[in-house]
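In case you want the letters, here they are:
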Amino acid sequence: MPPRFARGAENGSITRSRRLFYLSQSVCAIALLAVASPLSARAQEALPEIEIGADAPRSTSAALPSSHTTAPDQARNSDEAASVRTFTGAEVNATLFTRPGEALEVVPGLIVSQHSGEGKANQYFLRGFNLDHGADLALHLDGMPLNMRTHGHAQGYADANFLIPELLSSVVASKGPYFADDGDFASAGSLHLQYVDRLDKGSWSVTGGSFGYGRALSARSFDVNGADLLTAVETSVYDGPWTRPDEVRKINGVMRWSRGSQDNGVSITGMAYANRWYSTDQIPQRAVLGGALPLWGDVDRTDGGDTTRFSLSTRWSETDGNRASRVEAYVVRTTLDLYNNFTYFLGHPDIGDQFRQFDRRSLLGVNAVHKVAYEIAQFPVETRVGFQGRYDDIRLGLQETAQRRPYDAIRNDHVNEGSFAFWTDSTLFWTPWLRSTAGVRVDYVHADVTSLQTLFDAPRVSDSAGNIVGILSGPFNSGSKGAAVVSPKAGLVLGPFHKTEFFLNFGEGFHSTDSRGTVQNFDTTALSDTDGFAQVARIPLLVKSRGAEIGARTRIIDGLASSISLWWLDFDSENQFVGDTGTTTFGRPSRRYGLEIANHYAPVPWLHFEGDVALTHARFRGVDQLQTLAWLDLVAPGALGYGAFLGNAPGNYLTNAPNIIASLGLEVGESSGWFAALKYRYLGVRPLTEDGSFKSPATGVLNLRIGYRFENGWRIQADAFNVTNSRSDQITYAYGSLLPADALYGLCAGGVAPGAVCSVGVMDRHFKPVEPPAVRVTVGGTF
């Protein structure tokens, strides 16, 4: 629900507030005054009242006992854009999911997948993006950012595996760079997640299922001298269907002290999480078709990782008449070790291509927002002013390993990265059926990169004379970089007319890039043709995005809530630092546009339907000159016959960008008695290379739930996943790799094949299959 403000601001506060208004609203005021002035209904009868909170949750199978936490006042208003949605915790838990991150698929058009073990951050697909572990999808929990910048594995890495979905009170989802309070990583969208402050009753659940799955959860609130103390502990294990079991071992805990409410209160929250696992990564299709690998097999059985996360956060909020303030502060400590081998024996035919990525990070930050309601010339106005600050102290690197034993360091760095942002927006209510919002955001980011690489751990390569030399490029890849960006925002809402509203939004945004790529001068793994350092191009620290959306939302049919959005999003470039190789990759400007339709139908209280579809067109703009030059080497007379040119021709396809995402959901049941649910998710065909010569298969998965709730709060339920036994892919890539069984392996080892071909390997589709049918049974209750 949108925050509302009561009438009655004093004249003094009106005068002070005019400066805030004219700063962020003057453009829309001039443009629309001529339209609104002739209308008799120039202003509303009263300024909107404050109503902080989300709609009441409906009954559902997996939610904890009712809580007294609502969506925070700083949460996005659900009436700012057609694609903005607020979900209650009950709605989130009504969906079926196999891992915590999949709970976020309650958001229309979002697919959450995994390709490398149950402790690594998920892959996110949204609006034509393959959001590699979180880039361009900003995730926040209780005001804490989950996206990690300048990360050991991927820029924007957002690990949601520590989420406890049953504790969620609300999820506010928005898409596009149209909102002043969203900054880095929010160009495709943002999700603001909020945990409950208090549970009416304690709750426990135990789950067991196929492939060694087990989970136990206990949560309870205590009254402590008039305040609430929320505690929750979760532990889980999982092996999976893989020939090398994942052996996931996870433990997770939350403790929150709170007094008051979200709009007038204070809280202190501590969280602790640890996880370790082995991972069966994507495997080459040729090895499966040839019988060398089973469908559930692996190439390197030592791949896997471990991670920890500890956080302490606090929140203070106050609402007084026509004013509301909120301040959040946090300190987070995270660690991550990842061991992966995606190319097998391409770079190191003797010992394999496994590598280790590590990240040790301490971050702290603050979010503050103040909101005030007032009138100007009888027009009601709401203005927000905010500040966001963040500092990351990072120790990270990339090492080459053999069975988890490192033998060199491609990157070994200490990074200090800080940022701050000021933002403001104002919403002017011209008439009961017309309102406009204008805002602006100013961000500044600065990073210092110091290499810790030494001659003893520098990579060894052969020079033109065959001598083994070390590439000590680290000292020359250090430095500092700062950048600022200004992002204007605007929106217009017309309606309601016959329970229908129309929306128009525009905004500019940005994402930061890995700061190591902004100061890098030389390649970390290869020499130049003259046996010197090979120069590389630096990438900008901040990359601009701009987009627009037009849409509508209606409830003209009783029980049916529908929305439609037509959107467009441009990026100035898709340059990035590739954490898997420690090098920068040139990316051209890009353009995405699409259509989204979302429907929720509840003809009676015990029956709910969900149906969503998102169609997207995603392409690079311009010509990829570097890829063209590389492709010409592969079609040269001596290299053409090896076929390495397949999939390496220049093109404009954005790789792994889905053309269609769709979902269908059904819920049946009330607060007691039998209940059931169904969820079907569909991820369409995706180009895997720029030229589109490799494509992924479409993936459709059907999940079912049935259970019974007793009057005393106990329940038993059974969840069945992939009931149609889909043999499609969770995730698919196309690139070059090399196995000892490949004919090219011997040709490269013997120096027969050209170097350009051996550096590519065998182009193939690499995939991780959808897990086979599985059943999980949960027993839970209250205490």
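Residues numbered from 1 in each chain as written. Predicted model: local features only at pLDDT ≥ 70, side-chain atom pairs only at ≥ 80, totals over all residues. Heavy atoms only, no water.

> Quick question: what am I supposed to make of the overall build of the protein chain here?
In terms of regular secondary structure, the protein chain is built from seven helices and 41 strands. Counting all 783 residues of the protein chain, 59% fall into the buried class. Taking as baseline every contact in the protein chain between residues at least 6 positions apart, the subset at least 24 positions apart corresponds to 71%. When the accessible surface of the protein chain is summed, it comes to about 29,400 Å², and 60% of that surface belongs to carbon and sulfur atoms. (Helix = DSSP H or I, 4+ residues; strand = E, 2+ residues; numbered from the N terminus. Buried < 20%, exposed > 50% of the residue type's maximum accessible area, 1.4 Å probe, protein only. Contact = heavy atoms within 4.5 Å. Areas by Shrake-Rupley, 256 points an atom, 1.4 Å probe, with all protein chains shown as cover.)

> It is not clear to me how the packing of aromatic side chains should be interpreted in this structure. Could you clarify?
Each aromatic ring pair is summarised here by two numbers: the centre-to-centre distance and the angle between the ring planes. A full pass over the atoms with the stated rule returns 18 aromatic pairs. Taking 5.8 Å as the distance between ring centres and 70° as the angle between the ring planes, the aromatic pair formed by Tyr178 and Phe179 counts as edge-to-face. Classification of Phe179 by relative accessible area gives buried; the value is 3%. Grouped by ring-pair contacts, the aromatic residues Phe387, Phe420, Phe422 and Tyr444 constitute a single cluster. A cation over an aromatic ring shows up here: Arg244 above the ring of Tyr278, its NZ or CZ 3.5 Å from the ring centre. In this arrangement the basic side chain of Arg776 is found over the ring face of Tyr213, its NZ or CZ atom lying 3.7 Å from the centre. (Phe/Tyr/Trp six-rings, centres within 6.5 Å; stacked < 30°, edge-to-face > 60°. Lys NZ or Arg CZ within 6 Å of the ring centre and 35° of its normal.)

> What exactly am I supposed to notice about the state of the cysteines here?
Within the structure shown, the criterion is met by one disulfide. Across a sulfur-sulfur distance of 2.1 Å, Cys748 and Cys758 are joined as a disulfide pair. Classification of the bridge connecting Cys748 and Cys758 rests on its S-S torsion, roughly -100°, and on that basis the disulfide is left-handed. With Cys748 in helix H6 (residues 743–749) and Cys758 in helix H7 (residues 755–760), this pair connects stretches of sequence that are 10 residues apart. Assessed through its relative accessible area of 21%, Cys748 is described here as partly exposed. Classification of Cys758 as buried rests on a relative accessible area of 17%. (Disulfide = S-S within 2.5 Å.)

> Looking at this structure, how should I read the pattern of salt bridges?
Two side chains with opposite charge may pair up if their charged atoms get near one another. Tallied over the entire structure, the rule returns 43 salt bridges. A salt bridge links Arg149 to Asp392, with the nearest nitrogen and oxygen atoms 3.3 Å apart. Of the two residues, Arg149 is situated in the loop between strand S7 (147–148) and strand S8 (157–158) and Asp392 in strand S20 (residues 379–402); the sequence distance between them amounts to 243 residues. Judged on exposure class, the residue Arg149 and its partner Asp392 are both buried. Where salt bridges share partners, they join Arg149, Asp359, Arg361, Arg390 and Asp392 into one cluster. (Salt bridge = Lys/Arg side-chain N within 4 Å of Asp/Glu carboxyl O.)

> What exactly am I supposed to notice about the sheet that holds strand S1 (residues 85–88) here?
Backbone hydrogen bonds hold the strands of a sheet together, and the pairing may be parallel or antiparallel. Strand order in the open sheet made by the five strands is S1-S9-S10-S5-S6, with mixed pairing throughout. Looking at which strands have only one partner, the edges of the open sheet turn out to be S1 and strand S6 (144–145). With seven bridges joining them, strand S9 (residues 168–175) and strand S10 (residues 189–195) adopt antiparallel strand pairing. Across the sheet, residue Lys175 finds its bridge partner in S10, namely Gly189. (Pairing = 2+ DSSP bridges.)

> Can you help me understand empty space enclosed by the protein in this one?
The method is simple in principle: a probe with the dimensions of a water molecule rolls over the atoms, and the space it marks as empty is what remains. Applying the stated criterion across every chain yields a total of 14 cavities of 30 Å³ or more. Taken together, 46 residues make up the lining of the largest cavity; nearest its centre are Phe97, Thr98, Arg99, Glu102 and Arg776. The calculated volume of the second largest cavity comes to roughly 510 Å³. Around the second largest cavity, the lining comprises 32 residues; the ones closest to its centre are His140, Gly183, Asn367, Gln388 and Arg441. Contributing elements (two or more residues each) for the lining of the second largest cavity: strand S5 (137–141), strand S19 (355–376), S20, strand S21 (405–431) and strand S22 (434–451). Its residues placed into classes, the lining of the second largest cavity shows 14 nonpolar, 10 polar and eight charged. (1 Å grid on protein atoms, 1.4 Å probe; cavity = no way out; pocket = protein on both sides within 12 Å on 5 of 7 lines; lining within 4 Å. Points joined across faces, edges and corners; volume = space filled by probe spheres on them. Nonpolar A, V, L, I, M, F, W, Y, C, P; charged D, E, K, R; others polar.)

> What am I meant to see in the side chain of Ser573 here?
Topologically, Ser573 is positioned in the loop between strand S30 (560–571) and strand S31 (576–578). Note on Ser573: relative accessible area 10%, which makes it buried. Setting aside its immediate chain neighbours within four residues, Ser573 contacts Val543, Gly587, Arg588 and Pro589.

> So what exactly am I meant to see when it comes to the pairing of strand S13 (residues 227–238) here?
In regular strands, side chains alternate between the two faces of the sheet. Strand direction decides the pairing type here: strand S12 (residues 213–224) and S13, joined by 11 bridges, are antiparallel. Residue pairing across strands places Leu217 opposite Glu234, the latter belonging to S13. Here S12 folds back onto S13 in antiparallel fashion, the turn holding two residues, of which Asn225 has a positive phi close to 55°. Pairing between S13 and strand S14 (residues 248–260): 11 bridges, direction antiparallel. Bridge assignment links Asp228 to a residue of S14, and that residue is Ser258.

> How should the sheet that holds strand S40 (residues 762–769) be read in this particular structure?
Here three strands make up an open sheet; going across it, the order is S16-S40-S39 and the pairing antiparallel. Among the strands making up the open sheet, the edge pair consists of strand S16 (283–284) and strand S39 (729–737).

> So what exactly am I meant to see when it comes to unusual backbone geometry here?
The bulk of non-glycine residues show a negative phi, and the bulk of peptide bonds are trans. With an omega of 10°, the peptide bond between Gly495 and Pro496 qualifies as cis. Take Pro496: it is sitting in the loop between strand S25 (479–494) and strand S26 (500–512). The phi torsion at Asp142 lies on the positive side, around 50°, for a residue other than glycine. The topology assignment puts Asp142 in the loop between S5 and S6. One non-glycine residue, Ala377, lies in the positive phi region at around 55°. Its place among the elements puts Ala377 in the loop between S19 and S20.

> Where do I start with a nonpolar patch on the surface in this structure?
Where nonpolar side chains cluster on the molecular surface, the patch consists of Phe710, Trp714, Ile716, Val775, Val777 and Val779 and spans about 480 Å² of accessible area. Here Val779 lies in strand S41 (residues 774–782). Judged by its relative accessible area of 30%, Val779 is partly exposed. (Patch = residues over 30% accessible without salt bridge, like charges linked within 9 Å, V, L, I, M, F, W, Y side chains within 5 Å.)

> Looking at this structure, I do not really get the confidence of the model for the protein chain. What am I missing?
Predicted coordinates in areas of low pLDDT are best not read in detail. Taken over all residues, the pLDDT of the protein chain has a mean of 89, while the share at 70 or more is 89%. Looking over the protein chain, one finds the lowest element-wise mean pLDDT in helix H1 (residues 11–36), namely 39, and the highest in S13, namely 98. The model gives residues 1–62 a pLDDT under 50, and that stretch makes 160 contacts with residues more than four places away or in other chains. (pLDDT = per-residue confidence, 0-100.)

> Even after reading the chapter, I still don't get the nonpolar core, so can you show me in this structure?
Generally speaking, soluble globular proteins have nonpolar side chains that are buried together. In terms of nonpolar packing, the biggest core is built from 52 residues, with Leu110, Tyr124, Leu191 and Tyr195 touching the most fellow members. When residues no more than four places from it in sequence are discounted, the contact partners of Leu191 are Leu104, Val107, Leu110, Leu137, Ala138, Leu139, His140, Val172 and Ala173. If you look at the next biggest cluster of nonpolar residues, it comprises 18 residues, including Leu293, Ile731, Leu739 and Phe767. (Core = buried A, V, L, I, M, F, W, Y, C linked by side-chain atoms within 4.5 Å.)

> Even after reading the chapter, I still don't get the pairing of strand S37 (residues 699–709), so can you show me in this structure?
The element S37 is extensively covered by neighbouring structure, given that eight of its 11 residues are classed as buried. One ladder, built from 11 bridges, connects strand S36 (residues 673–683) with S37; its direction is antiparallel. Each bridged residue has a counterpart across the sheet, and for Lys679 the counterpart in S37 is Asn703. Alignment of S37 against strand S38 (residues 715–721), held across six bridges, turns out to be antiparallel.

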